[in-house]
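One-letter residues, chain by chain:
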Amino acid sequence: GKQGKRGIKGPMGPAGPLGPKGNKGGDGITGDKGVTGPGGADGGAGSNGPDGVRGFYGKGCDGVTEKGGARPKVIDACGVCGGDESECAVTSVSKTAYAVGDPHYRTFDGKSFDYQLRGEFILARHMNDIELQNLQVVCPASTVRCNVGAAVVTKNFNLRFKSQWLGGRISINGRELVVGRDYNYGVWNWLDSQTAYLMQGGSFDVIFNDNPQGDGSQITGYWGYWPGGPLPNNHYMNLYFRAPGRWSSGLSMTGLFANFDNNAEDDWDAIAPSTMWWVKDTASSAFSNDKYLLHWTNRLIHSKQDAIDAQFNHAGSAHVGGNTGHKAGSATAILADGGEKKEGEWTHADEVKALHDIDPLTAKMRRKLFAKMAAEGVVERKVGEAAPKTELGQAELDIMPFVGERPSPMRVEQQMLFRKEWKVLDNTQRAEMLAGKVVSSNAAGFTHMCMSCIEGSEECAEKKIIKDPKPDGITYATAEAKKTCEDDCMGWIPLSHSNAICSCWIDCSLGLTKDHYQKDVLANYMKERRVLLTPEDGEAADKCLAVGASPSKIYRGDKPGARMRWEQEFSPNFALTFWWKPDMEPTMGSFAKEGVKTLLYKGMNESAAGVPGMPDLKMVMIRVDASGSDKFLKVTVAGNEVSVPADKCKSLGEDAFTFVAVTKRDSSIAIWCGKEGDAEAKKAHNFDLGDAEYTTSLNQVIAVGGIKLPAENIAGGWMGRVNYYGVDKWDPTNSFKLWDEQVPKRFAVGPPTDCPG
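The rules behind the values
- Residues numbered from 1 in each chain as written.
- Predicted model: local features only at pLDDT ≥ 70, side-chain atom pairs only at ≥ 80, totals over all residues.
- Heavy atoms only, no water.
- Phe/Tyr/Trp six-rings, centres within 6.5 Å; stacked < 30°, edge-to-face > 60°.
- Helix = DSSP H or I, 4+ residues; strand = E, 2+ residues; numbered from the N terminus.
- Buried < 20%, exposed > 50% of the residue type's maximum accessible area, 1.4 Å probe, protein only.
- Pairing = 2+ DSSP bridges.
- Axes fitted to C-alpha atoms, helices over the stretch in contact; angles between N-to-C directions.
- Salt bridge = Lys/Arg side-chain N within 4 Å of Asp/Glu carboxyl O.
- Contact = heavy atoms within 4.5 Å.

## Thoughts on the packing of aromatic side chains
The description of an aromatic ring pair uses the distance of the two centres, along with the angle that the planes make with each other.
And step 1. Counting across every chain of the model gives 21 aromatic pairs.
And step 2. Plain terms: the ring middles of tryptophan 566 and tyrosine 724 are 5.1 Å apart, the flat faces sit at 50 degrees to each other, and that makes the pair tilted. Taken together, the positions of tryptophan 566 in helix α13 (residues 563–566) and tyrosine 724 in strand β34 (residues 718–727) put the pair 158 residues apart, joining distant regions of the chain.
And step 3. Accessibility expressed as a relative area gives 3% for tryptophan 566, which makes it buried.
And step 4. Judged by centre distance (6.4 Å) and plane angle (80 degrees), the ring pair of tryptophan 580 and phenylalanine 591 falls under edge-to-face. Of this pair, tryptophan 580 sits in strand β25 (residues 573–581) while phenylalanine 591 sits in the loop between β25 and β26 (596–603), and the two are 11 residues apart along the sequence.
And step 5. Judged by its relative accessible area of 21%, phenylalanine 591 is partly exposed.
And step 6. Put simply, the rings of Tyr105, Phe108, Phe241, Phe257 and Phe260 pair up and form one aromatic cluster.

## Focus on the sheet that holds β26
And step 1. The strand order across the open sheet formed by six strands is β24-β33-β26-β27-β28-β29, and the pairing between neighbours is antiparallel. Sheet topology places β24 (553–556) and β29 (640–643) at the edges, where each strand pairs with a single neighbour. The mean angle between the axes of side-by-side strands here comes to 15 degrees, regardless of whether they run parallel or antiparallel.
And step 2. By the bridge criterion, four bridges tie β26 to strand β33 (residues 701–704) in an arrangement that is antiparallel. Residue pairing for β33: lysine 602 is matched across the bridge by isoleucine 702.

## Some words on the pattern of salt bridges
And step 1. Scanning all chains against the criterion turns up 22 salt bridges.
And step 2. A salt bridge links arginine 181 to aspartate 182; the shortest N-O distance between them is 2.8 Å.
And step 3. Several salt bridges converge on common partners, so that one network encompasses Arg623, Asp625, Lys634 and Glu641.

## Notes on the environment of isoleucine 170
And step 1. Take isoleucine 170: it is sitting in strand β8 (residues 169–172).
And step 2. Taking relative accessible area as the criterion, isoleucine 170 reaches 0% and is therefore assigned buried.
And step 3. Measuring from C-alpha to C-alpha, the distance between isoleucine 170 and methionine 199 comes to 8.8 Å, with 29 residues separating the pair along the chain.
And step 4. The residues contacting isoleucine 170, other than those within four sequence positions of it, are Leu159, Arg160, Phe161, Trp165, Arg175, Glu176, Leu177, Tyr183, Tyr197 and Met199.

## Some points on the pairing of strand β3 (residues 112–115)
And step 1. Only one face of β3 is covered, namely the one carrying Phe113 and Tyr115; the face carrying Ser112 and Asp114 has none of its residues buried.
And step 2. Here strand β2 (residues 104–106) pairs with β3 via three bridges, running antiparallel. Bridge pairing links tyrosine 105 to phenylalanine 113 in β3.
And step 3. Here β2 folds back onto β3 in antiparallel fashion, the turn holding five residues, of which glycine 110 has a positive phi close to 100 degrees.

Below, the structure is given as structure tokens:
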């Protein structure tokens, strides 16, 4: 049939499944900018920028700002502006204090003790120049302590050394330096003109010299192995501080190593209370405070009666010779007038006052000392009597050389007691006084002091040698002891050739260690036999010679006191050292013309026929051969001339200072060379004189630029720090080093500083 009609639309069925995703629509219109949210937390601090450029030095104690960046003058421990402390020094010989092992201490003056505290301490400090701190902890043996850290601090640098690092790392002003990246083993690293450090795998050294023309200080540390306990890396430290003799006034050194005045009997008073030198958990700790440097504001002056008991949170006690040590005391600065000053209140004015007006305890001691000297006949003038104004022998600054050639403590104290009288002496008188050349009628003469006998023998009475109450002469315990001392004290050199020999005998007879008195005798002997021909003070033209004439400067051997350095009997061996820098100006300079240029000559200043000039046979002649592109040394000794290979002394042709040394030991000649900035000078060449005879006499001269040479044979340029040594025949056993020890010292001083360019 037909299709029916469409029915009514039924209800909507359930939703079908979701269809496929459609195409992405176009971007919508950007909405309005929202409100700014709250600020986030601050980011971390950025890294430190590089150190700024050091500012200029200010005025010195004389009110003068030095030229050329030179350091200003400061007041030394004697109260002298620009002094080096030698005026009131007790000895010219350097001394070494130490803290070694577990730990055994010895002061500069030789007092030994054990110190069993845990903590950080000032071992030694000189004025505001250099300070040594140590860190002591429990050793593997729990009843004793060990050093595991050392800090050397100056005005500019805080150097830290640790057992866990050994020599592989060092901290300087908080920045850690690593071997191979920042320094190398065995190389001196100069931080400024006064301070340098040297690292080895198992040791370190720091040198500091506040006076380049004098001896400086040296701090040495080396590590010992002690396993099985709490020590970092199983290592402890042995620490040594060598102070130059000119610091021996007793007024400038402080700390646990005492005051350095050549008198061990006052060391306990200088140290006590020992905890005054405690710095742990204080701003003066170089270990916890990277910014701790030496300054007027953190120097302590020690005054025993003003020390205040204080408590510290540490274990252990100080033991001195088996007895309980001194009480703890406050680490406060004590003013010269006895008043107390906290560290932060210490001012430059306080420092000046302290240097001039030494603390009342010291002044009282000096008054007692003067009364004692007067009572014993050491001085002839009584207290209150007027002092004469002329004649050195009447100035009452008598010398008592009963300890050998070195000034006695009493002599130096006497000089300081009579400061007003000292001011009326002229420079010559002062020089004689300090050199020990004046002996009063009351003092034991040096000649008699060198006489000796065996204790208890008739010889002692015959020679009038006594031990008490004041030593006069040398008393040996046995004949064997006498022979040992005479052999050990440079026994191949006659007593008549050096006062240092007698001084060594005295030290040996008194029981000092062999290492101690042998170092002293060598130092004292070399001091007698060395002369610095170009001065360190005065006009720049004298300190740095322009080598433009022949001679540019001449030094004669006929000066007073020169006999030991120039006469054949006393000085058949020699050393000449100097620094030279060529003039690189191309038309008129050192190498403008080719040829052989003379630097230095030693010998007669006339020929055999009496004609002024240099004879044909040259005793010593040092020249630069500039005949070709390579510049090299030509050295003549006793007529024998040798050429040093150019590659052994390359800096001769450079715009830089070259160090040159020519040394003679018997028939062996050595030539040394080094360049400014090098770690060391090295032997560049050796040769033997054979049968040639070197001679020297008071009639000879040392001439810079030679004598009567034409202009083309003069080296030109500049020369400074010219040293001459004249010494005896040397140790046949070679137990005493000669030039291998002396020449590096001269190189370490560096080139002259007042030269053009």
